[in-house]
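Letter by letter, the chains look like this.
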Amino acid sequence: MDIKSIISEFRFEGELISVKEFGSGHINSTYIADFGEKRYVIQKINTNVFKNPDALMDNVFSVTRYLKNIIIENGGEPERETLKFIRTTDGREYLKTSDGECYRAYIFVENSICYDSADTPEMFKKSGAAFGQFQKLLASFPADTLAETIPHFHDTPWRFANEFEPAVLKNICSRAESCEEEISFVREREKKLYRITDALLSGEVPLRVTHNDTKLNNILFDKNTGESLAVIDLDTVMPGSALYDFGDSIRFGASTAAEDEKDLGKVEMSLEYFKAYAEGYLGEAGASLTETEKGLLAYSAWLITLECGMRFLTDYLMGDVYFKTDYPEHNLVRAKNQFKLVSDMEKKMSEMEEIIKNC
């Protein structure tokens, strides 16, 4: 089916004026359709990555419907403060074509903008506030009703036992000899990987809705005011711990270098950026988090950074089958980069914990 035929299968208002490719995402193919008074985003779901589109879209519709009601109760603008997904003409949450391709659609949020990086602590603080508000609004959502669309996504102990160690032992690409120091780095920290998963199992940390891709470019900002509007890209929304989202934000946004920077002398965890994000996040979500969760926030940044480095190293050992690489050692460079960040966090952990207490 061509894109105009796809569009005709959704409940859009008005007459189609134009349609064109949109955005720069690496996972889903995206189009924007102009219907005059409204524009709509149409996305082809990458079913190689998201193998269960039924569960994915059930999660998305459940969360956005809940957010819409909360936003209305708070006197907000639901069509600007969360995504509004459009059903197909026969009432389905997404379109599945005869050849198995899957498409979904939502209203384009006008006068909005995304940013790829936080160039100032103030911008990073705004991103913390946006994801903190997302967590606050969903604090009472029954997270156990959501599907786990990517099983064990942030189950670090499971990844260690079932992915990392087998990759080391099999050594199918004969690369283990080139990264013995990095392998030891992970193994030496294995006993410290369990705090969040154990707390989830015991109920000490509550199961919550997690976004699982808390990068700055997954926040819409108002073009006129510069304030955050909505958290977007909800494909990885599933049950987990709020700590995972906080930790991944710090891993990605508080590092002083790109995650594939070769010069490790440039890589450290910025306490200034950590403080900015923590202030923004806790300013919104603080009252909805338990004391145990707050006490593990600094640790979560360490854990998710170590997990990410472990995943890069695992992929390097397996022959670069998951992450896209530009050269043979790319994943090893990424792993070394993340482990340098982990080491820096270990040196600064008491300062990070003190910042959390002060926030």
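Structural data are supplied above this passage.
Keep in mind that what you see is a predicted model, and the values were worked out from it rather than measured.

Explain the overall build of the chain to me, please; I cannot follow it from the model alone.
Of the regular secondary structure elements, the chain holds 12 helices and 11 strands. The C-alpha atoms of the chain give 21 Å as radius of gyration, which agrees with the globular expectation for 359 residues (21 Å, within 12%). Counting only C-alpha atoms, the chain reaches 60 × 50 × 40 Å along its principal axes. Across the 359 residues of the chain, 51% fall into the buried class. Here the analysis covers contacts within the chain between residues at least 6 apart in sequence; of these, 72% occur between residues at least 24 apart. When the accessible surface of the chain is totalled, it reaches about 17000 Å², and 46% of it is carbon and sulfur. Here the chain carries 42 positive and 61 negative side-chain charges, and the mean point of each set is 1 Å from the other.

Help me understand the packing of helix H6 (residues 180–187) against helix H11 (residues 297–318), please; the structure alone is not making it clear to me.
A pair of packed helices can be characterised by two numbers: the angle between their axes and the separation between those axes. Relative to each other, H6 and H11 sit at 140 degrees, their axes nearing to 11 Å. Viewed along their axes, H6 and H11 adopt a mutual orientation that is oblique. Along this stretch, H6 crosses H11, giving a crossing that reads as left-handed. Between H6 and H11, the residues in contact are Glu182, Ile183, Phe185 and Val186 and Leu306, Met310 and Leu313, respectively. Class assignment for the residues of the contact of H6 with H11 results in six nonpolar, no polar and one charged.

Help me understand the packing of aromatic side chains, please; the structure alone is not making it clear to me.
Aromatic ring pairs are described here by two measures, namely the spacing of the ring centres and the angle between the planes. Under the definition given, this model contains 20 aromatic pairs. For the ring pair phenylalanine 35 and tyrosine 40, a centre distance of 5.4 Å and an interplane angle of 90 degrees mean the geometry is edge-to-face. A relative accessible area of 9% places phenylalanine 35 in the buried class. Note on phenylalanine 185 and phenylalanine 339: the rings are 4.7 Å apart at their centroids and 25 degrees apart in plane angle, and the pair reads as stacked. Of the two residues, phenylalanine 185 sits in helix H6 while phenylalanine 339 sits in helix H12 (residues 330–358), which places them 154 residues apart along the sequence. You can call phenylalanine 185 buried: its relative accessible area is 13%. Phenylalanine 339 gets classed as buried once you look at its relative accessible area, which sits at 4%. Every member of this aromatic cluster is reached through a ring pair, and the members are Phe124, Phe246, Tyr273, Phe274, Tyr277 and Tyr281. Seen from the ring of phenylalanine 252, lysine 215 lies directly overhead, with NZ or CZ sitting 5.4 Å from the centre.

Reading the values: rules and limits
- Residues numbered from 1 in each chain as written.
- Predicted model: local features only at pLDDT ≥ 70, side-chain atom pairs only at ≥ 80, totals over all residues.
- Heavy atoms only, no water.
- Helix = DSSP H or I, 4+ residues; strand = E, 2+ residues; numbered from the N terminus.
- Rg over C-alpha atoms; globule rule 2.2 N^0.38 Å.
- Buried < 20%, exposed > 50% of the residue type's maximum accessible area, 1.4 Å probe, protein only.
- Contact = heavy atoms within 4.5 Å.
- Areas by Shrake-Rupley, 256 points an atom, 1.4 Å probe, with all protein chains shown as cover.
- Lys, Arg positive; Asp, Glu negative; His and termini not counted.
- Charge placed at Lys NZ, Arg CZ, Asp CG, Glu CD.
- Axes fitted to C-alpha atoms, helices over the stretch in contact; angles between N-to-C directions.
- Parallel < 35°, antiparallel > 145°, perpendicular 65-115°, else oblique.
- Left-handed = near helix turned anticlockwise from the far one by under 90°.
- Nonpolar A, V, L, I, M, F, W, Y, C, P; charged D, E, K, R; others polar.
- Phe/Tyr/Trp six-rings, centres within 6.5 Å; stacked < 30°, edge-to-face > 60°.
- Lys NZ or Arg CZ within 6 Å of the ring centre and 35° of its normal.

Shape descriptors only; they carry no functional weight alone.
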